[in-house]
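# Tertiary structure, described
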Amino acid sequence: MELESAQNTPKNAAEVLLSLSECINTAKNLFLSYTTTPIRIVTPNQEVEIIVKRLQRVIRQMGEVLNSIKVSSDEYFHYAVQSLVKDINGFWVENSKVEYVHKENDLYSVTDFESSTDDEYESETTHVTKFQDLANSYMEPLYEAFFCPLTNKIMEDPVTIETGVTYERVAITEWFEKFSNPTDIICPKTGINIKNRDFNRNNALIEMIKQWEERNEQESIKAARSVLSLNSSTKPMILEALRNLQNLCRKNLYNVVEIRAIGIIPLLGTILKNEDKDLTFETLELLRQMTENDDEDEGKEMIARTLDLSKLIQNLSSKDERIRQATLMLLVELSKDRFFCDQISSVSGGMLMLISVKYRQHVDAFFAKKIDEILKNLEISPGNIKIMAENGHWQPLLHQFIKGNEETKMEMAGYIGELFIGHDDEIKRRVAETASPALIQMAFHGNSLARNVAFRALKQISSHPENGNFLVKSGTVTNMLQEIFKRSIYDEPMNSKAEAAGILANILESGCGELNDLQVDRKMSLDYIIYNLVRRIGNSMPDELNVNFVRILSCLMKFAKSRDIIVSVVKESDVCTNLIELLNNPNEEIQVTSIVFCIALSPFIGHTLADRLCKIKGQPQALLKDLNETMPPTEKQAVSVNFLAKLPHENISLNLALFTSVPLVLRKIDQVMKSGMRMSKFGSSYLEGLVGILVRFTYTLYENQFLILAKNFNFATVFTDLLMNTFSDEIQILSANGLANLSVKTVTLSKPAQIKKKKLRRFAYILKCSSFYSTNIEDIPLCPVHKGACSSQETFCLVEAKAVEKLLTCFDHRNIKVVDAALSAISTLLDERVNLDKSVSILIEEKGIQHVLNVVKEHKSENVRQKSLWILEKLLIEGDDKSVSEVSQDRLLRSTLINVLHRGDGDVRLMAEKILKQLNTINYA
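About the criteria used
- Residues numbered from 1 in each chain as written.
- Predicted model: local features only at pLDDT ≥ 70, side-chain atom pairs only at ≥ 80, totals over all residues.
- Heavy atoms only, no water.
- Core = buried A, V, L, I, M, F, W, Y, C linked by side-chain atoms within 4.5 Å.
- Buried < 20%, exposed > 50% of the residue type's maximum accessible area, 1.4 Å probe, protein only.
- Helix = DSSP H or I, 4+ residues; strand = E, 2+ residues; numbered from the N terminus.
- Phe/Tyr/Trp six-rings, centres within 6.5 Å; stacked < 30°, edge-to-face > 60°.
- Axes fitted to C-alpha atoms, helices over the stretch in contact; angles between N-to-C directions.
- Left-handed = near helix turned anticlockwise from the far one by under 90°.
- Contact = heavy atoms within 4.5 Å.
- Nonpolar A, V, L, I, M, F, W, Y, C, P; charged D, E, K, R; others polar.
- Salt bridge = Lys/Arg side-chain N within 4 Å of Asp/Glu carboxyl O.
- Pairing = 2+ DSSP bridges.
- Patch = residues over 30% accessible without salt bridge, like charges linked within 9 Å, V, L, I, M, F, W, Y side chains within 5 Å.
- Areas by Shrake-Rupley, 256 points an atom, 1.4 Å probe, with all protein chains shown as cover.
- Lys, Arg positive; Asp, Glu negative; His and termini not counted.
- Charge placed at Lys NZ, Arg CZ, Asp CG, Glu CD.
- pLDDT = per-residue confidence, 0-100.
- 1 Å grid on protein atoms, 1.4 Å probe; cavity = no way out; pocket = protein on both sides within 12 Å on 5 of 7 lines; lining within 4 Å.
- Points joined across faces, edges and corners; volume = space filled by probe spheres on them.
- Arc of directions from axis to C-beta.

Turning our eyes to something else, we now look at the nonpolar core. Judged by nonpolar contacts, the single largest core of 183 residues is most densely connected at Trp-394, Leu-439, Phe-643 and Leu-807. Considering each element in turn, this core owes the most residues, eleven residues, to helix α31 (residues 588-615). One finds Ile-264, Ile-265, Ile-313 and Val-347 within the second-largest nonpolar core, a separate group that totals 58 residues.

Dropping the structure here:
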C-alpha cells in the first residue's frame, strides 16, 4: 500500500518484487521438503543442517532486497521496512526432532485404510489438524481490520459510521436499536456519542476482503492438491481435503475453474481406482459439485477424458447406497456433455450396464427416472441410439424413426435392418407394430436409397416368426408378391425382388401365412404364382432369388392344394433337372435349400429325382463328402445324407451309385457315436441320415451284390447295436426296419439241416477209420428257429444277433412308429417256414407275452393292433399252458378285445373275435 501511495514510485520496484517472488518460492519448497515430505533420512543431522543453511541464505537475501528499496518521504514507511529487515535478520531455525517413517508404496491402499490401528496411525482428529495446519501455512494471515468489533467475525457487508469505525451492517444496526433515546447512542469501540445514525458502505474493505478470500481459497486449493498428491497423506487427511474442495466449489464458481486448472482431476481419478467406500463417495461428491457448476462443459469433458468411465458406471451396482446415488447424479451431469455422449459408446459394456440398471426390478422410481434422464441425454449421438437398441432398449430408435426428419429416418431404418432385434417377444412385437407401416410406405413410395433401406429393415423384422401374424394382417404378403411379379424398375442399384422374396419366405416359414393370403387378384392367382416361382428356378437366376424362391416353394409344400400344383408343374417341366443341378452350385445356402425342397418332393417324384441325381456329374458321391474328425456335422452334411436316405429305397440305380460308399458311411457312424458329435446341433440328424443310407440296401437284397454287401459288413449286428440308441427315435425305427428286411431273408439263407447231416456223417465215418479220429467231434449246432446253420453275419438271424430281447424292449416305447417297426421285425420269427414251437418258446422265455399284451392295451392304431394281435394269436396257439393261462387271466385284455370287436376295422375285428373265442374255450376248459 505504501508503494502504491508514494509520490515517487521506486524505479527498482519491478526488480524488487521479482526478487521477493523468487525468494518466497525457494523458501516454500524448502519448508515443504522439511516438514511434509516423508522420506527415510539416513543422516538426519546433515540433512537438517543443509536445509537450515539454505533457509538462512534465502532470508538474508530477502533482507538485502528490502534494504535496496529507496526510502520515501513518509517516516512510517522507513520504520516499516527497517522492522521487516530486523525480523528477517534475526530469524533462526532451531534443529527439531526428525520422525523416522517408512515411505508408503500405495497411498490409497484399501487394506491400509481398513486395517489401521491406533498403534500404527494417529487419531483422525490429529490427521485433520495436520491438514488444517498445512492449509494455514499456504494462507495469508488475517488482518484485524477484517473483523467486526461487535461479532469478532470477518465482515461480509462492512459499513462505516461517523466515528470512522467499520462494523458489520447487521451488527451495528442491532446495536443502534438497543438505544431508545437517539442522543444516548455511542460508538461501541470509541465510546463517542453518535449524532448521525447514517453509515456508508465500505466498498474498499469489501473488495480487500473479497480479494483476500479469493487468494486464500486458491492457496487452500493448492494445499488440498498437495495432500492428494503426497504419498504420506492418510485417509482422514484426504477426506478433509476432499470436503474442503467441495465447500470451495459450492462457494465460488471460479474455484471450480482453479481446481480444474491446477491438475486435481487426475488425482481424483487415481482415488476412484481404489475400493475404499468413504474416499469413493467423497470423490464422487466433489466431481458432482464440479460438474453442476460447470456451465461451459469444459470441466465435464476433462472429467470424461480422465476418469475410467467403465469403473464409474459399475458404481451404479455398488452395495453402498451413497456411492450409487453420488454416481447417478454425477452421470446425470456428465451426460449433458457432448464429448461424454460420444465417449460412452467406446466404453465396453457401458451402455449395457446403464440399460441393465434401468430394467432392474428392485430399482426405485427416483433412480429409474434419473437413468432415463441419462439415456435421454445420450440420445444426442445416433451411435448411442444404435448401441441402446443392440442392448434391448429400442424405444429411442423407434421414436427417432417415427418423429425424426428424413435423414434421421433413413439412418434409423438402416439400424433396424442391421441389428438383431433380440429374444424378447414384447420388443419384437413393438418393433414390428411401430416400424412396419412406415417401412412399407418407404419401400413402395420412397426413392431408390429409401427402398433399399426399408426392404432390409422389413427383412430383419420378418426374420422373427413372432412378427408373422402382424405382417400378414398389415398386407405385407400382397405387397411383396406385387414387388416380385409386377413392379419393374430399371437401373435400380438393388435387387428388390430378391429382398421381397426373402421377406415372403420368412413370413411363410413362421407358419402364419395361409393360401388365402397369396390370392392377390384374378390375374395373380395361386396357380400363376406357383408356376412362375417354379419356372424361374435355375442356375441362370441370381443366387439370392434362387434361395428365396425355393424357400417359398418348400413352405407351400405343407398345403395339399399348393403341393399338388407344385408337383404337377415340376413333373411337366425340366425343373427337376434344374433343381438337381443346383446341388453342384458353389453357394452352400442354395445347396441346402434345394436339398430340403427335394426331400419334400421325394415322396411324389422320388424315382425321377434319384435318376436325375445319378446322371449329374459327381453325384451322388458329392453329397457324402468326408466329415472332419474333430468338427461336428454341418447343416449341409445333415440334409445331404437325409436326402439320400429318403429317396425311394428300391431305386437300383441310386443304390448301385452308393455301393462303394458303404465303408465311408459305417466309419462315419462309428465316429459320430464315439466322439459325441450326435449331441451337436445337426449331429442327430446327420446320424439318422447315415443309418437311413444303410437301411436302403436292405430293400434290394434280392440283388446278389447287395446281399453280399450286407453279409460282408455284418448289417445285422450293426442294426442290433444301433437299436438301443435311445437318443433318436428315428434311428430305432430305421434299425428295426433294417432288421425286419434282413430277417425275411434268413429262412432262405439258412442251409437245410438234412444235407449237412449226411455230409457230416460221411466225414465222421472217414475220420473214425483214421488214426486221427477224436471222440470230441460234434455236429455243427443248428438254429432252433430256422432249422439250419445260422449266424448273424451270413444269414442275418435275429436270434444269433441277440436282437430279440432288444426288439421286445422297443414294444414299450412311447413312439408308436418305433413299436410298429419292432413288431414287424419280431413277426418275421413267426413265419410259417420257421419252427413256430421253438420260436414261440424263445419269445415266451424273453417275456414276449407281457410286452405284446402291453402293446394291445396301450396303442389304438389299427396297423399296430393288427400286428400285435397276430403275434398274440401265434403265442396262444403255440404257447404252453402257463403262457396261455397268463393271457386268459388278463381282464384288461378281454375288455380291450371287446372294444376292438365293436369298433375296429374288418381284419382287426376278426382277429379280436378269434382270440376271444380261444380265451373263452380256455376258461371253459
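Applying the stated criterion across every chain, the model contains eight aromatic pairs. Aromatic side chains Trp-175 and Phe-179 sit 5.5 Å apart centroid to centroid with 70° between the ring planes, which places their arrangement in the edge-to-face category. The class for Phe-179 is partly exposed, based on a relative accessible area of 25%. Centre to centre, the rings of Phe-715 and Phe-719 are 5.8 Å apart; their planes meet at 70°, and the pair counts as edge-to-face. Here Phe-715 pairs with Phe-719, and both are found in helix α37 (residues 715-723), just four residues apart, close to one helical turn. Accessibility assignment for this pair places Phe-715 and Phe-719 in one class, buried. Site record: aromatic cluster; members linked through ring pairs are Phe-659, Phe-697 and Phe-706.

Here helix α8 (residues 203-229) crosses helix α11 (residues 264-272) at 35°, and the two axes come no closer than 10 Å. Between α8 and α11 lies a crossing of left-handed hand. For the pair α8 and α11, contact is made by Ile-221, Arg-225, Leu-228 and Ser-229 and by Ile-264, Leu-267, Leu-268 and Ile-271, respectively. Classifying every residue of the contact of α8 with α11 gives six nonpolar, one polar and one charged.

Taken as a whole and assessed by the stated rule, the structure comprises 34 salt bridges. The salt bridge involving Glu-301 is made with Arg-305; its shortest N-O contact spans 2.8 Å. Highlighted residues: Glu-301 and Arg-305, both in helix α13 (residues 298-306), separated by four residues, approximately one helical turn. Given the relative accessible area of 27%, Glu-301 is considered partly exposed.

Below, the discussion takes up the sheet that holds strand β3 (residues 200-201). To summarise the sheet geometry, strands pair through backbone hydrogen bonds and adopt either a parallel or an antiparallel arrangement. The three strands lie next to each other as β2-β1-β3, forming an open sheet whose pairing is antiparallel. The outermost strands of the open sheet, each flanked by one partner alone, are β2 (166-168) and β3. Where strand β1 (residues 158-160) lies against β2, three bridges are found, and the strand directions are antiparallel. What sits directly across from Val-159, in β2, is Tyr-167. Here helix α7 (residues 169-177) sits on the sheet and contacts β1, β2 and β3; the angle it forms with β2, its principal contact strand, is near 95°.

Turning our eyes to something else, we now look at a positive patch on the surface. On the surface, Lys-53, Arg-54, Arg-57 and Arg-60 cluster together to form a positively charged patch. Mapped onto the secondary structure, Lys-53 falls in helix α3 (residues 44-67).

Within the protein, residue pLDDT values average 81, and 82% of them lie at 70 or more. When the criterion is pLDDT under 50, residues 72-76 qualifies, and its contacts beyond four places in sequence or with other chains add up to six contacts. In the model, residues 90-125 has pLDDT below 50 throughout and makes 51 contacts with residues more than four positions away in sequence or in other chains.

Attention now goes to the environment of Lys-571. Here Lys-571 is to be found in helix α29 (residues 560-571). Using a relative accessible area of 55% as the deciding quantity, one classes Lys-571 as exposed. In sequence terms Lys-571 and Phe-604 are 33 residues apart; their C-alpha atoms lie 9.6 Å from each other. Once residues within four sequence positions are removed from consideration, Lys-571 is found in contact with Phe-604 and Ile-605.

A separate point is empty space enclosed by the protein. Overall, the coordinates contain one cavity of 30 Å³ or more when judged by the stated rule. Along its surface, the largest cavity is lined by Leu-624, Lys-625, Asp-626, Leu-664, Val-665, Lys-668, Tyr-686 and Leu-690. Mapped onto the lining of the largest cavity, the elements with two or more residues apiece are α34 (662-675) and α35 (683-696). The element that contributes the greatest number of residues to the lining of the largest cavity is α34, accounting for three residues. By residue class, the composition of the lining of the largest cavity is five nonpolar, no polar and three charged.

In this structure, Val-747 sits in helix α39 (residues 746-749). Its relative accessible area of 18% is what places Val-747 among the buried residues. For the pair Val-747 and Val-834, spaced 87 residues apart in the sequence, the C-alpha separation amounts to 7.1 Å. Excluding anything up to four places from it in sequence, Val-747 contacts His-786, Arg-833 and Val-834.

Okay, helix α17 (residues 350-358) next. Within the sequence span of α17, burial applies to Gly-350, Met-351, Leu-354, Ile-355, Val-357 and Lys-358. One side of α17 holds all its buried residues, which, seen down the axis, span an arc of 160°. In this fold, the buried residues of α17 make contact with α14 (309-314), α15 (321-334), α18 (365-378) and α19 (382-390).

Because an α-helix completes one turn every 3.6 residues, residues spaced three or four positions apart along the sequence face the same direction. Among all positions of helix α43 (residues 836-845), only Leu-836, Ser-839, Val-840, Ile-842 and Leu-843 are buried. For α43, the arc enclosing every buried residue in end-on projection is 160°, short of the 170-degree limit, so these residues lie on one face. In this structure, the buried residues of α43 make contact with α41 (804-809), α42 (816-827), α44 (848-858) and α45 (862-878). Taken from the residues just after α43, Lys-847 is the one with a positive phi, measuring 60°.

Let's shift gears to the side chain of Thr-476. For Thr-476, the position within the fold is in helix α25 (residues 476-485). The exposure class assigned to Thr-476 is buried, which follows from its relative accessible area of 1%.

The next thing to look at is unusual backbone geometry. Going from Gln-619 to Pro-620, the amide bond is cis rather than trans, its omega being 0°. Within the element layout of this structure, Pro-620 appears in the loop between α31 and α32 (635-646).

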